[in-house]
Amino acid sequence: MFSINRFRTMSSRDSGSAIIAVIGTAAVMLIIGVTVANMSVRALAFSSSTRAGIQSKAAAESGVNVAVVDLRNGNCAASYSQTTTPAYSAKVSYSTSATGGTWVSGCPVYADQTVNRVKILSTGTAKSVGVAGDSTGNSGFVEAIYPYTPAVLPGVKPSGPAMYFYGGVDFANNGNLIVSAGGPPAIQVKSGDVSCSNNTVIQGDVVVQSGTLSINSCTVQGNAWVGGIATLGTITGNLTSANAVRPPGVGLSWTQNGPIPTVPNWVAFGDTLPATWPTLWIDSSRVAFTVIPIGADCALSPLMMSQVAALAPSSVIINALGCSSVTASNTVTLSNNLVIYAPRFDLSNSNNVTFKSSSPTAQRRLWFITPDVTHTTPPSCNYSVQG
């Protein structure tokens with residue numbers, strides 16, 4: 001009996017130890033399960049956040065790429081955005097310093113030789129956002145800084161505007177007007193309207209003293225002063241106009257009825273006899289221009305330009321007063337300084353006519369002149385330039 005009672009006591013103690021062991025094992029398994037679940041959630045959050053971060057950065061880089069393409073093509077906008085994938089929002093700024101953190105918001109003014117750098121700050125949004133509470137990769141940004149070189153380096157120092165019109169002008173072709181830096185406004189109109197369509201780019205300032213400016217889909221890469229109403233595509237610089245409210249499309253500031261630069265009066269070039277022109281046209285070396293007639297087709301054709309080139313380095317006047325209009329197409333290569341007298345210039349039937357120097361280092365001057373035969377103000381000529 002004694003020994004039996006003793007064995008029963010030991011059996012009861014072993015049973016209690018087993019229960020404790022089971023509880024301990026269950027607690028360990030619970031801890032392991034919680035740890036595994038937590039690790040799984042963390043792994044899901046990390047992987048989704050990483051995916052979102054890659055997507056948002058790629059979207060931000062897309063914004064930079066779009067801005068860079070426009071800058072290279074001369075079509076800079078102060079900001080860019082896209083809500084569809086890849087979604088981004090990018091802003092452009094520039095600096096006149098080669099170092100430091102001082103930036104001016106917006107696009108650099110065309111041909112401004114003081115601009116040294118351009119910066120694009122783009123924020124992208126992920127297509128698939130992070131889950132499990134991790135949103136760190138949902139948006140990302142890219143800051144890109146590039147050295148800036150104006151599209152046109154200083155060339156022939158302009159003594160006046162690239163184009164002067166007394167009665168207005170209509171730019172109907174898709175093209176670029178490129179002017180030397182540092183000169184007066186590129187286009188100056190004394191009394192008349194300026195209109196433009198079909199994505200023409202005017203790289204310089206514009207003054208319309210008393211008329212209106214209607215440029216629709218076109219771009220003025222510079223400033224504009226308009227005595228009347230301005231209807232815009234895009235102006236990258238400042239605008240002065242008579243609009244009742246700020247018109248859309250102005251890159252920088254707008255001033256209502258502000259001061260407008262004075263446009264000079266019309267200078268009458270009469271259709272005097274070609275024999276007298278050399279006494280009026282003399283180059284910087286005091287050498288008279290050579291006068292030659294235009295061909296029967298009244299075109300600035302390769303044959304015509306080869307005749308002009310044969311007279312180089314002499315500057316040349318082409319007498320086209322007998323033509324109803326002078327035409328041109330494709331690329332017109334200038335081997336000399338060239339003056340063209342004609343009743344009318346019609347470039348509207350040829351898209352993207354280019355006038356360029358025969359040498360990348362030689363600078364040429366080119367004048368299109370429609371004479372005023374009566375020498376009156378306002379001019380009474382029926383001549384025109386169309387293109």
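The residue count restarts for each chain, going from 1 along the sequence in the order it is written. pLDDT decides what is reported in this predicted model: residues at 70 or higher carry local features, side-chain atom pairs at 80 or more are listed and counted, and totals for whole chains, interfaces and linings draw on all residues regardless. The basis for the side-chain values is all heavy atoms of the structure; hydrogens and waters are excluded.

Turning to the side chain of Asn336, a few remarks are in order. Going along the chain from the N terminus, every DSSP run of H or I of four or more residues is numbered as a helix, and every run of E of two or more is numbered as a strand. Within the secondary structure, Asn336 is located in the loop between strand 22 (331-334) and strand 23 (338-341). As used in this structure description, the phrase polar contact means that two N or O atoms lie within 3.5 Å; if the pair is within protein, one of them must be able to donate a hydrogen and the other to accept it, and residues adjacent in sequence are counted only when both atoms belong to side chains. At 3.1 Å, the side chain of Asn336 forms a polar contact with the backbone oxygen of Val308. At 2.9 Å, the side chain of Asn336 forms a polar contact with the backbone oxygen of Ser314. Beyond its immediate chain neighbours, meaning those up to four positions away, Asn336 contacts Val308, Ala309, Leu311, Ala312, Ser314, Ser315, Val316, Arg364 and Arg365. Only heavy atoms matter for contacts: two residues are in contact if any of them lie within 4.5 Å across the pair.

The next thing to look at is the pairing of strand 23. Burial along strand 23 is two-sided: the face carrying Leu338 and Ile340 and the face carrying Val339 and Tyr341 are both buried. Should DSSP find at least two bridges between two strands, the strands are taken to pair. The pairing of strand 21 (residues 316-319) with strand 23 spans four bridges and is classified as parallel. Pairing of Asn319 across the sheet is with Tyr341, part of strand 23. Where strand 23 and strand 26 (residues 366-369) come together, four bridges link them in parallel fashion. Note on strand 26: the bridge partner recorded for Ile340 is Phe368. Three labels apply to residues, based on accessible area from a 1.4 Å probe with only protein chains included: buried if under 20% of the type maximum, exposed if over 50%, partly exposed otherwise in between.

For helix 3 (residues 302-309), every residue scored as buried is listed here: Met304, Met305 and Val308. One face of helix 3 carries all of its buried residues, which in axial projection span an arc of 95°. More than 90 degrees from the buried face of helix 3, the exposed residues found are Pro302 and Leu303. To be clear, the arc concerns the directions from the helix axis to the C-beta atoms.

A general trend in soluble globular proteins is that nonpolar side chains are found buried together. Joining through side-chain atoms within 4.5 Å is the link that ties buried Ala, Val, Leu, Ile, Met, Phe, Trp, Tyr and Cys residues into a set, and such a set is a nonpolar core. In terms of nonpolar packing, the biggest core is built from 22 residues, with Ile187, Leu213, Ile215, Leu232, Ile235 and Leu239 touching the most fellow members. At the level of secondary structure, the elements contributing two or more residues to this core comprise strand 7 (168-171), strand 9 (187-189), strand 10 (193-196), strand 12 (206-208) and strand 15 (224-226). Once residues lying within four places of it in the same chain are set aside, the contact partners of Ile187 are Met163, Phe165, Phe171, Leu177, Ile202, Asp205, Val206 and Val207. Grouped together as the second largest cluster of nonpolar side chains are 20 residues, Ile294, Ala320, Cys323 and Ile340 included.

What follows concerns unusual backbone geometry. Residue Pro86 is bonded to the preceding Thr85 through a cis peptide linkage, with omega at -5°. Take Pro86: it is sitting in the loop between strand 1 (79-82) and strand 2 (87-95). Cis peptide bonds are those with omega within 30 degrees of zero, and the linkage from Ala312 to Pro313 qualifies with 10°. A positive phi angle, near 45°, is found at Asn216, a position not held by glycine.

Within the secondary structure layout, Tyr80 lies in strand 1. Residues Tyr80 and Val92, 12 residues apart in the sequence, show an inter-C-alpha distance of 8.5 Å. What Tyr80 contacts, discounting residues up to four positions off in sequence, is Val66, Ala67, Asp70, Asn75, Tyr88, Ser89, Ala90 and Val92. Of the polar contacts made by the side chain of Tyr80, one reaches the side chain of Asp70; its length is 3.1 Å.

Coordinates in, geometry out; function isn't part of it.
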